[in-house]
Amino acid sequence: MSAHPTTTLVEPAFAQAIGVFDSGVGGLSVLRAIREALPSEDLVYVADSGHAPYGDQSEAHITQRTLEVGQWLARQGVKAITIACNTATVVAARSLREHTHLPVVAIEPAIKPAVALTRTGVIGVLATRQTVQSDSVAKLCAQYGQGKRIVLQACPGWVELVEQANLHSPLTESLVREFVAPLVAQGADTLVLGCTHYPFLHAAIQRVAGEGVQLLDPAEAVAREVVRRLGEHRRTQGAGSTWVFTTGDVAQAQRVVSHLWQDRATVQALPS
Ligand code: DGL
């Protein structure tokens, strides 16, 4: 018998990867931009689909989920966390930053660039209920929206469409029309996609809005910010692997992720 206790050093599973998460599969639109900007980094994505949509839930619940998923990623050894969910950002980014020493990059609706681009002076912001009602969005509008008309539009049902990879059905078309047509009728020439699920509905939104209306998705700006925050010293030549975890049904997530990600990615259950 050994006189000394043995210690086992467990290497974090995803040391040096970049962690990315969303309430569901929507954040894959951000993951795609990060993958394009950083082809050889390893990426770990969590779809909290078992708890989606966040947009209609309480702030306390969204904060609790954000901390839980963020801290799980931190325990895996990731070197940075990207919140690929506008709703989680506006409700809980500050809490997550208080609970981790890791760099946290958080997406937010592209209101500032929309103000620079609009010619009619009318901007539509498409987002979840929690996002359109948030203090953060009110602040962005007050800070950048002087002299412009910013119409905030919640889009109930859109997240569920994307979670089902239902991107081109008559139901999709009519739900998109319901929230986009009134904005165009009010003169909006710039629509902010203020939820990371919505870029997957880009074609349907553009069809309803018309070709003259610009759709803004800040995913590439988020990817640039990830690159900037990593800096030279945190960049790694990884294998460019992508791991996807879900808190929802794995078979369903695998089907939807294969459709939306259009690359090889095996979905695993998030271990609790
Ligand atoms: N992708 C999330 C966002 O950017 C969707 C939130 C939800 O689950 O309602 O806001």
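In the block above lies the structure referred to throughout.
Here the structure is a predicted model, which means the values were calculated and not measured.

Cut-offs and rules
- Residues numbered from 1 in each chain as written.
- Predicted model: local features only at pLDDT ≥ 70, side-chain atom pairs only at ≥ 80, totals over all residues.
- Heavy atoms only, no water.
- Salt bridge = Lys/Arg side-chain N within 4 Å of Asp/Glu carboxyl O.
- Helix = DSSP H or I, 4+ residues; strand = E, 2+ residues; numbered from the N terminus.
- Buried < 20%, exposed > 50% of the residue type's maximum accessible area, 1.4 Å probe, protein only.
- Near = heavy atom within 4 Å.
- Polar contact = N/O pair within 3.5 Å; in protein donor to acceptor, adjacent residues only side chain to side chain.
- Areas by Shrake-Rupley, 256 points an atom, 1.4 Å probe, with all protein chains shown as cover.
- 1 Å grid on protein atoms, 1.4 Å probe; cavity = no way out; pocket = protein on both sides within 12 Å on 5 of 7 lines; lining within 4 Å.
- Sits in = over half its atoms within 2 Å of the grid points.
- Nonpolar A, V, L, I, M, F, W, Y, C, P; charged D, E, K, R; others polar.
- Pairing = 2+ DSSP bridges.
- Axes fitted to C-alpha atoms, helices over the stretch in contact; angles between N-to-C directions.
- Parallel < 35°, antiparallel > 145°, perpendicular 65-115°, else oblique.
- Left-handed = near helix turned anticlockwise from the far one by under 90°.
- Contact = heavy atoms within 4.5 Å.
- Points joined across faces, edges and corners; volume = space filled by probe spheres on them.
- Core = buried A, V, L, I, M, F, W, Y, C linked by side-chain atoms within 4.5 Å.

Asks: What exactly am I supposed to notice about the pattern of salt bridges here?
Replies: A side chain of one charge can pair with a side chain of the opposite charge when the charged atoms of the two come close. Using the criterion set out here, one finds 6 salt bridges in the structure. Put simply, Asp-48 and Arg-65 hold a salt bridge, and the shortest N to O gap is 2.8 Å. Placement of Asp-48 in the loop between strand 2 (43-47) and helix 2 (59-75) and of Arg-65 in helix 2 is noted, with a sequence separation of 17 residues between them. Assessed through its relative accessible area of 0%, Asp-48 is described here as buried. Note on Arg-65: relative accessible area 6%, which makes it buried. With a closest N to O distance of 3.0 Å, Arg-207 and Glu-173 form a salt bridge. Linking Arg-207 in helix 9 (residues 202-209) with Glu-173 in helix 8 (residues 170-185), this pair joins segments that are 34 residues apart in sequence. What you see here is one network of salt bridges that share partners, running through Asp-48, Arg-65 and Glu-68.

Asks: Quick question: what am I supposed to make of the site of the ligand here?
Replies: Looking at the ligand, there are 13 residues lining it, with Ser-23, Tyr-54, Gly-55, Thr-87 and Thr-196 nearest. The separation between an oxygen atom of the ligand and a polar main-chain atom of Tyr-54 is 2.7 Å. Note that an oxygen atom of the ligand is positioned 2.7 Å from one of the backbone N or O atoms of Gly-55. Contact with the protein chains covers 99% of the free accessible surface of the ligand, which is 300 Å². Among the detected pockets, the ligand sits in the second largest cavity. Its residues assigned to classes, the shell around the ligand comprises 5 nonpolar, 7 polar and 1 charged.

Asks: How should I be thinking about the pairing of strand 5 (residues 122-127) in this particular structure?
Replies: Looking down a regular strand, the side chains alternate between one sheet face and the other. Burial of strand 5 is extensive: 6 of the 6 residues sit out of reach of the surface. Residues of strand 5 alternate between two faces, with Val-122, Gly-124 and Leu-126 on one and Ile-123, Val-125 and Ala-127 on the opposite face, all of them buried. Pairing geometry for strand 5 and strand 6 (residues 149-154), over 6 bridges, is parallel. When the sheet's bridge partners are listed, Ala-127 is paired in strand 6 with Ala-154.

Asks: Looking at this model, I keep getting lost on the packing of helix 1 (residues 28-37) against helix 11 (residues 250-261). Mind explaining?
Replies: Helices that pack against each other are described as a pair by the angle of their axes relative to one another and the distance between those axes. Closest axis-to-axis distance for the helix 1/helix 11 pair is 10 Å, and the angle between their directions is 50 degrees. The orientation of helix 1 relative to helix 11 falls into the category oblique. The chirality of how helix 1 crosses helix 11 is right-handed. Facing Leu-28, Leu-31, Arg-32 and Arg-35 of helix 1, the residues of helix 11 in contact are Val-257, Leu-260 and Trp-261. Here the contact of helix 1 with helix 11 is built from residues that sort into 5 nonpolar, no polar and 2 charged.

Asks: Could you clarify how one ought to interpret the layout of surface pockets in this entry?
Replies: Take a probe with the size of a water molecule and roll it over the atoms, and the empty space left behind shows itself. Considered as a void within the structure, the largest pocket measures approximately 770 Å³ in volume. Thr-89, Ile-107, Glu-108, Ser-136 and Leu-140 are the residues nearest the centre of the largest pocket, which is lined by 30 residues in total. Contributions of two or more residues to the lining of the largest pocket are made by helix 3 (86-99), strand 4 (104-106), helix 4 (111-117), helix 6 (135-144) and helix 10 (219-234). For the lining of the largest pocket, the element with the most residues is helix 3, which contributes 7 residues. Counted by class, the lining of the largest pocket contains 16 nonpolar, 6 polar and 8 charged residues.

Asks: What am I meant to see in the nonpolar core here?
Replies: Among the nonpolar cores identified, the biggest contains 57 residues, and Leu-28, Leu-126, Trp-158, Val-180, Leu-191, Tyr-198 and Ile-205 are the most heavily contacted of them. Ignoring anything within four residues of it in the chain, the contact list for Leu-28 reads Tyr-45, Phe-200, Val-257, Leu-260 and Trp-261. Formed by 38 residues, the second largest nonpolar core is a distinct cluster that contains Leu-67, Val-91, Ala-114 and Ile-123.

Asks: How do you make sense of unusual backbone geometry when you look at a structure like this?
Replies: Note on backbone geometry: most residues besides glycine have negative phi, and most peptide bonds are trans. Cis rather than trans, the peptide bond between Ala-52 and Pro-53 has omega equal to -10 degrees. Position of Pro-53 among the secondary structure elements: in the loop between strand 2 and helix 2. The phi torsion at Gln-16 lies on the positive side, around 80 degrees, for a residue other than glycine. Tracing the chain through its elements places Gln-16 in the segment before strand 1 (18-22). With phi around 55 degrees, Gln-262 is a residue other than glycine that occupies positive phi space.

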